[in-house]
Amino acid sequence: MNIILFGPPGAGKGTQAKKLVDFNGIPQISTGDILRANVREGTELGLAAKAYMDKGELVPDQVLIGIIKNRLKEQDCCKGFILDGYPRTVPQADVLAVILKEIGKPINVVLNLEVPDEVLVDRISKRLMCKCGASYHTVSNPPKKDNICDLCGCEVFQRSDDREEAVQNRLKVYKKQTQPLIDYYAKQGLLVTLDGTKNIDEVFEDIKAVLAKFA
Ligand code: AP5
Ligand code: MG
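Residues numbered from 1 in each chain as written. Chains lettered and ligands numbered in written order. Predicted model: local features only at pLDDT ≥ 70, side-chain atom pairs only at ≥ 80, totals over all residues. Heavy atoms only, no water.

Participant: Please clarify how the overall build of the protein chain should be interpreted in this entry.
Facilitator: When helices and strands are counted, the protein chain shows 9 helices and 7 strands. The C-alpha atoms of the protein chain give 16 Å as radius of gyration, which agrees with the globular expectation for 215 residues (17 Å, within 12%). The dimensions of the protein chain, computed from C-alpha atoms along their principal axes, are 45 × 40 × 35 Å. Looking at the protein chain as a whole, 47% of its 215 residues are labelled buried. Once local pairs closer than 6 in sequence are excluded, the contacts in the protein chain between residues at least 24 apart make up 71%. Distance between charge centroids for the protein chain: 3 Å, based on 30 positive and 29 negative side chains. (Helix = DSSP H or I, 4+ residues; strand = E, 2+ residues; numbered from the N terminus. Rg over C-alpha atoms; globule rule 2.2 N^0.38 Å. Buried < 20%, exposed > 50% of the residue type's maximum accessible area, 1.4 Å probe, protein only. Contact = heavy atoms within 4.5 Å. Lys, Arg positive; Asp, Glu negative; His and termini not counted. Charge placed at Lys NZ, Arg CZ, Asp CG, Glu CD.)

What follows is the structure, encoded as structure tokens:
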């Protein structure tokens, strides 16, 4: 299965991607996690990306296209992949189509998690995350042990772009640059929109029901 998990900041893309990895064993490709790892490691890419990320702006398309091209060609993608946070612009989607044609792995479905802005802001402001990419919420999905990641045992923290001003900008940027992809994939018959306001397990059940149609 080649899946795009789509939705605004805080919609639950990362949360559902992690559950899907456990469920069907295909890798999650989160461009946000890849960029944050580069920021942590102080790479040239990370240094260039950090200024955009902290303001809630998109990192330039050429940078992301390079990342995704290399990542999709890795061996672990041979049975499929879950794209989380890519594509986010029409040029990114166009290039993705070309890459996937080249490697013979078309997208099966785009799962669009729909969540209203006020819920997104609440989720993001109460999010805790881990450097392994796991995401928690202080109320709806706290780590089992206070401030410790369930998956890897590291300390969880607040993301630098989860501050109020950056969050508002991320929502604006999503509406202007990313939301047009909803029509883009609907026209290709690939879009399935799900109610992302249900609880985490209910959303996952809905996702499994959609994926079962492709089995
Ligand atoms: P990225 O890391 O992709 O962030 P995002 O798209 O803003 O989305 P989030 O990670 O904030 O939300 P999510 O949908 O994963 O939600 P989560 O599962 O964590 O990108 C960050 C930045 O990197 C961008 O701003 C940009 O600068 C750059 N970037 C990345 N990709 C790029 C690209 N392709 N092009 C250009 N730039 C790029 O859940 C959120 C919270 O809600 C958590 O606390 C979670 O526990 C909770 N939660 C989840 N689901 C539920 C539920 N159903 N009910 C209740 N709580 C829930
Ligand atoms: Mg995420």
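Participant: Please explain the packing of aromatic side chains as it appears in this structure.
Facilitator: The way to describe two aromatic rings as a pair is by their centre distance and the angle between their planes. Under the definition given, this model contains 3 aromatic pairs. Relative to Phe-204, the ring of Phe-23 lies with its centre 5.8 Å away and its plane at 90°, an arrangement referred to as edge-to-face. Residue Phe-23 is found in helix H1 (residues 13-24), and its partner Phe-204 is found in helix H9 (residues 200-212); the two are separated by 181 residues along the sequence. For the pair Tyr-184 and Tyr-185, a centre-to-centre distance of 4.9 Å together with 75° between the ring planes defines the contact as edge-to-face. The class for Tyr-185 is buried, based on a relative accessible area of 3%. Stacked on the ring of Phe-204, the Lys or Arg Lys-19 has its end atom at 5.3 Å from the ring centre. (Phe/Tyr/Trp six-rings, centres within 6.5 Å; stacked < 30°, edge-to-face > 60°. Lys NZ or Arg CZ within 6 Å of the ring centre and 35° of its normal.)

Participant: Is there a simple way to think about the environment of Ile-29 in this case?
Facilitator: When you line up the elements, Ile-29 lands in strand S2 (residues 28-30). Judged by relative accessible area, which is 0%, Ile-29 ranks as buried. Along the backbone, Ile-29 and Ile-124 are 95 residues apart, and their C-alpha atoms lie at a distance of 20 Å. Sequence-distant contacts of Ile-29, that is, excluding residues within four places in its chain, are made with Ile-34, Ile-68, Arg-71, Leu-72, Cys-77, Phe-81, Ile-82, Leu-83 and Asp-84.

Participant: Can you walk me through the site of ligand 1 in this structure?
Facilitator: Around ligand 1 sit 35 residues in total, of which Thr-15, Glu-57, Arg-88, Tyr-136 and Arg-170 are the nearest. With respect to ligand 1, the side chain of Arg-36 contributes an N or O atom lying 2.9 Å from an oxygen atom. Calculation on ligand 1 without its partners gives an accessible area of 1,000 Å², and the protein chains cover 96% of this total. Sorting the residues of the shell around ligand 1 by element identifies H1, helix H2 (31-41) and strand S6 (135-137) as the ones contributing at least two each. No other element matches the 4 residues that H2 contributes to the shell around ligand 1. (Near = heavy atom within 4 Å. Polar contact = N/O pair within 3.5 Å; in protein donor to acceptor, adjacent residues only side chain to side chain. Areas by Shrake-Rupley, 256 points an atom, 1.4 Å probe, with all protein chains shown as cover.)

Participant: Help me understand the layout of surface pockets, please; the structure alone is not making it clear to me.
Facilitator: Gaps left between atoms are located by rolling a probe of water-molecule size over the structure's atoms. In this structure, the second largest pocket spans a volume of roughly 190 Å³. Contributing to the lining of the second largest pocket are Arg-36, Val-39, Arg-40, Lys-50, Met-53, Asp-54, Phe-157, Gln-158, Arg-159, Ser-160 and Asp-161. Sorting the residues of the lining of the second largest pocket by element identifies H2 and helix H3 (44-55) as the ones contributing at least two each. Split into classes, the residues belonging to the lining of the second largest pocket amount to 3 nonpolar, 2 polar and 6 charged. (1 Å grid on protein atoms, 1.4 Å probe; cavity = no way out; pocket = protein on both sides within 12 Å on 5 of 7 lines; lining within 4 Å. Points joined across faces, edges and corners; volume = space filled by probe spheres on them. Nonpolar A, V, L, I, M, F, W, Y, C, P; charged D, E, K, R; others polar.)

Participant: Just to check I follow, could you spell out the pairing of strand S4 (residues 109-114) for this structure?
Facilitator: Along a regular strand, successive side chains alternate from one face of the sheet to the other. Within S4, 5 of the 6 residues are buried, which leaves the element mostly enclosed by the surrounding structure. Two elements, strand S1 (residues 2-6) and S4, share 4 bridges in a ladder whose sense is parallel. Counterpart to Phe-6 in the pairing with S4 is Asn-112. Strand direction decides the pairing type here: S4 and strand S7 (residues 191-195), joined by 5 bridges, are parallel. For Glu-114, the partnering residue across the bridge sits in S7 and is Asp-195. (Pairing = 2+ DSSP bridges.)

Participant: Is there a simple way to think about unusual backbone geometry in this case?
Facilitator: With the exception of glycine, most residues fall at negative phi, and the peptide bonds are largely trans. Cis peptide bonds are those with omega within 30 degrees of zero, and the linkage from Tyr-86 to Pro-87 qualifies with 0°. Locating Pro-87 in the fold gives a position in the loop between strand S3 (81-84) and helix H5 (90-103). Phi at Asn-147 is positive, roughly 60°, even though this residue is not glycine. In this structure, Asn-147 sits in the loop between S6 and helix H7 (164-178).

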